[in-house]
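Each chain, letter by letter, is given below.
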Amino acid sequence: MIPLDKATLRKTIIAKRKALNAAEAALKSRQISARCAPLLTQASTIGIYWPTNQEADITSLLSLSENGCVFALPRVISKAEMEMIQWHPNGEMKRSALGIYEPVSGKVMAPTHFDVILVPLVAFRRDGARLGYGGGYYDRYLSRCSALKIGIAYAFQHREDWVEQPCDVRMDLVITETECFSPKHR
């Protein structure tokens, strides 16, 4: 099998994701959230994302904050770096230059403070390799934390025909609407 270049794979998967109708995306997102929830019961601090480009919407998990769970969302702070900002139910959000909703203000959470980080994927392999949008924000951030890294994707985003880079951070688990992959990469 000849590996696809990452740019082509990104375009293909993102187009397929954007082609999902709203009802189908909502159903798959609920199924993914239901698979995630049991894995978060012992976590006190969780990194999560706000969906963009028809990513799986797992924001229903934010309701766990009612049980004392602390959530944080990414905020881009430079062309090479992001930070995680503590989320509050009534906190103001704004769309960034990258088109992603981010908290306007809040406590910056240290990478070492998380129990779990839920990471959006463009594509993934069964060994936990993650393909993102190509900016490297998550890879740089995740390389500094020991949290359980859970990749979130639709099942059709599984692809084995691409090559990861040495700086890419692998996921400990990948959850789709149909499966929970537990890679054996450690």
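Being a predicted model, the structure only gives us computed values, none of them experimental. (Residues numbered from 1 in each chain as written. Predicted model: local features only at pLDDT ≥ 70, side-chain atom pairs only at ≥ 80, totals over all residues. Heavy atoms only, no water.)

A.B. asks: I'd love a proper account of the sheet that holds strand E11 (residues 173–175), names of residues and values included.
C.D. replies: Strand order across the open sheet formed by 8 strands is E6-E3-E2-E1-E7-E10-E11-E12, with mixed pairing between neighbours. In the strand order of this sheet, the two ends are held by strand E6 (108–109) and strand E12 (180–181), each with one partner. Most of the contacts of helix H2 (residues 22–36) go to E11, to which it runs at about 145°, and overall it touches strand E7 (116–120), strand E10 (148–152), E11 and E12. (Pairing = 2+ DSSP bridges. Helix = DSSP H or I, 4+ residues; strand = E, 2+ residues; numbered from the N terminus. Contact = heavy atoms within 4.5 Å. Axes fitted to C-alpha atoms, helices over the stretch in contact; angles between N-to-C directions.)

A.B. asks: Describe in detail H2, supporting the description with residues and values.
C.D. replies: End to end, H2 covers 21 Å across 15 residues, agreeing with the expected 21 Å (1.5 Å per residue, within 8%). Within H2, the full set of buried residues consists of Ala-25, Lys-28, Ser-29, Ile-32, Ser-33 and Cys-36. Burial along H2 is one-sided: seen end-on, the buried residues are contained in an arc of 140°. Turned more than 90 degrees away from the buried face of H2 sit Ala-23, Arg-30 and Ala-34, all of them exposed. Looking at the buried side of H2, the elements it contacts are E7, E10 and E11. Backbone nitrogen of Ala-23 and a side-chain oxygen of the N-cap are separated by 3.1 Å at the start of H2; the cap is Asn-21. (Expected span 1.5 Å × (residues − 1). Buried < 20%, exposed > 50% of the residue type's maximum accessible area, 1.4 Å probe, protein only. Arc of directions from axis to C-beta. Polar contact = N/O pair within 3.5 Å; in protein donor to acceptor, adjacent residues only side chain to side chain.)

A.B. asks: I'd love a proper account of the pairing of E7, names of residues and values included.
C.D. replies: Judged by how many residues are buried, E7 sits mostly within the fold: 5 of 5 residues are covered. A two-sided burial pattern is seen for E7, the buried positions comprising Val-116, Leu-118 and Pro-120 on one face and Ile-117 and Val-119 on the other. Inspection of the sheet shows E7 paired to E10 by 5 bridges, in the parallel sense. Within E10, the residue paired with Val-119 across the bridge is Gly-151.

A.B. asks: Outline the packing of aromatic side chains, supporting the account with residue identities and numerical values.
C.D. replies: Each pair of aromatic rings is reported with the distance of its centres and the angle of its planes. Per the stated rule, a full pass over the model turns up 2 aromatic pairs. For the ring pair Phe-124 and Phe-181, a centre distance of 5.2 Å and an interplane angle of 55° mean the geometry is tilted. On the criterion of sequence distance, the pair formed by Phe-124 in strand E8 (residues 123–124) and Phe-181 in strand E12 is long-range, its members being 57 residues apart. Accessibility expressed as a relative area gives 0% for Phe-124, which makes it buried. When the centroid spacing of 5.6 Å and the interplanar angle of 20° are considered together, the rings of Tyr-154 and Phe-156 count as stacked. Take Tyr-154 and Phe-156: they sit in the same class, and that class is buried. (Phe/Tyr/Trp six-rings, centres within 6.5 Å; stacked < 30°, edge-to-face > 60°.)

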